[in-house]
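Chains, contacts and geometry: an overview
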Amino acid sequence: LGLAWIYQQSQSEINSLAITSDRASDKLTPPSPDVLRELLTLASKGNFNAILKLADQLEETDTNLAPFANQLRQLARQFDEDLILKFLTLYGVKTS
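Residues numbered from 1 in each chain as written. Predicted model: local features only at pLDDT ≥ 70, side-chain atom pairs only at ≥ 80, totals over all residues. Heavy atoms only, no water.

**Observations regarding the nonpolar core**
Counted only if it meets this: As used in this record, nonpolar core signifies buried Ala, Val, Leu, Ile, Met, Phe, Trp, Tyr and Cys residues forming a set joined through side-chain atoms within 4.5 Å. Here the term buried applies to any residue with accessible area under 20% of the maximum for its type, exposed to any over 50%, and partly exposed to those in between, with areas from a 1.4 Å probe on protein chains only. Helix and strand labels come from DSSP, where a helix needs a run of H or I of at least four residues and a strand needs a run of E of at least two; each type is numbered from the N terminus.
One finds L39, I51, F68, L72, I84, F87 and L88 to be the most contacted residues of the largest nonpolar core, which totals 25 residues. Taken together, the elements giving at least two residues each to this core come down to α2 (33-45), α3 (48-61), α4 (66-77) and α5 (81-89).

Printed below as a string of C-alpha coordinates:
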(Lines give C-alpha, C1' and ligand atoms only; values in the text may rest on other atoms or scores of the structure.)
Protein backbone atom coordinates (compact mmCIF):
# COMPACT_ATOMS: atom_id res chain seq x y z
CA LEU A 1 0.00 0.00 0.00
CA GLY A 2 2.96 2.36 0.43
CA LEU A 3 1.55 3.97 3.57
CA ALA A 4 3.64 6.28 5.71
CA TRP A 5 2.88 7.10 9.32
CA ILE A 6 2.52 10.78 10.11
CA TYR A 7 2.90 11.57 13.77
CA GLN A 8 1.43 14.59 15.46
CA GLN A 9 4.01 16.79 17.11
CA SER A 10 3.95 17.23 20.84
CA GLN A 11 3.43 20.74 22.19
CA SER A 12 7.06 20.85 23.39
CA GLU A 13 8.31 20.09 19.86
CA ILE A 14 6.11 22.85 18.47
CA ASN A 15 7.37 25.29 21.10
CA SER A 16 11.01 24.41 20.43
CA LEU A 17 10.46 24.91 16.69
CA ALA A 18 8.86 28.28 17.39
CA ILE A 19 11.83 29.28 19.54
CA THR A 20 14.22 28.12 16.83
CA SER A 21 12.22 30.07 14.26
CA ASP A 22 12.37 33.17 16.45
CA ARG A 23 16.14 32.92 16.72
CA ALA A 24 16.60 32.05 13.07
CA SER A 25 14.39 34.91 11.93
CA ASP A 26 17.08 37.34 13.04
CA LYS A 27 19.42 35.89 10.37
CA LEU A 28 16.93 35.11 7.60
CA THR A 29 16.37 37.45 4.69
CA PRO A 30 12.69 37.38 3.79
CA PRO A 31 11.39 37.75 0.24
CA SER A 32 9.34 40.72 -0.94
CA PRO A 33 6.04 41.55 0.76
CA ASP A 34 4.18 40.34 -2.35
CA VAL A 35 5.80 36.91 -2.10
CA LEU A 36 5.08 36.79 1.64
CA ARG A 37 1.40 37.54 0.95
CA GLU A 38 1.34 34.80 -1.70
CA LEU A 39 2.84 32.36 0.80
CA LEU A 40 0.22 33.39 3.33
CA THR A 41 -2.54 32.67 0.82
CA LEU A 42 -1.08 29.27 -0.04
CA ALA A 43 -0.67 28.37 3.64
CA SER A 44 -4.23 29.45 4.41
CA LYS A 45 -5.45 27.10 1.68
CA GLY A 46 -3.20 24.28 2.90
CA ASN A 47 -1.41 24.14 -0.46
CA PHE A 48 1.87 22.72 0.83
CA ASN A 49 3.08 21.51 -2.58
CA ALA A 50 2.85 25.03 -3.99
CA ILE A 51 4.70 26.36 -0.93
CA LEU A 52 7.50 23.85 -1.55
CA LYS A 53 7.71 24.87 -5.22
CA LEU A 54 7.77 28.56 -4.33
CA ALA A 55 10.52 27.92 -1.77
CA ASP A 56 12.56 26.23 -4.50
CA GLN A 57 12.00 29.21 -6.82
CA LEU A 58 13.04 31.67 -4.11
CA GLU A 59 16.28 29.80 -3.53
CA GLU A 60 17.02 29.60 -7.26
CA THR A 61 16.42 33.32 -7.87
CA ASP A 62 18.37 34.65 -4.88
CA THR A 63 20.86 32.68 -2.78
CA ASN A 64 20.35 35.17 0.07
CA LEU A 65 16.85 33.74 0.42
CA ALA A 66 18.12 30.16 0.79
CA PRO A 67 17.95 30.08 4.63
CA PHE A 68 14.38 31.46 4.53
CA ALA A 69 13.43 28.94 1.82
CA ASN A 70 14.95 26.07 3.81
CA GLN A 71 13.00 27.01 6.95
CA LEU A 72 9.82 27.36 4.90
CA ARG A 73 10.41 23.95 3.29
CA GLN A 74 10.93 22.35 6.69
CA LEU A 75 7.60 23.74 7.92
CA ALA A 76 5.74 22.81 4.73
CA ARG A 77 6.95 19.21 4.97
CA GLN A 78 5.34 19.02 8.40
CA PHE A 79 1.96 19.91 6.84
CA ASP A 80 1.29 22.33 9.69
CA GLU A 81 -0.55 25.39 8.45
CA ASP A 82 -0.42 27.10 11.86
CA LEU A 83 3.37 26.89 12.10
CA ILE A 84 3.79 28.32 8.61
CA LEU A 85 1.40 31.18 9.40
CA LYS A 86 3.28 31.91 12.63
CA PHE A 87 6.59 31.86 10.73
CA LEU A 88 5.23 34.34 8.15
CA THR A 89 3.90 36.68 10.83
CA LEU A 90 7.46 37.02 12.12
CA TYR A 91 8.09 39.00 8.93
CA GLY A 92 5.15 41.36 9.28
CA VAL A 93 2.61 39.42 7.23
CA LYS A 94 -0.82 39.97 8.71
CA THR A 95 -3.15 37.02 8.95
CA SER A 96 -6.85 37.71 8.69
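**Here's the deal with the packing of aromatic side chains**
How we decide: The rule is short: rings of Phe, Tyr and Trp, with Trp giving its six-membered ring, pair when the centres are within 6.5 Å, and they are stacked under 30 degrees, edge-to-face over 60, tilted in between.
Applying the stated criterion across every chain, the model contains two aromatic pairs. With centroids separated by 5.4 Å and ring planes inclined at 85°, the aromatic side chains of F48 and F79 adopt a geometry described as edge-to-face. Highlighted residues: F48 in helix α3 and F79 in the loop between α4 and α5, separated in sequence by 31 residues. Taken together, a centroid distance of 5.1 Å and an interplanar angle of 35° make the contact between F68 and F87 tilted. Placement of the pair is F68 in helix α4 and F87 in helix α5, with a sequence separation of 19 residues.

Functional significance is not addressed by these values, which are geometric in nature.
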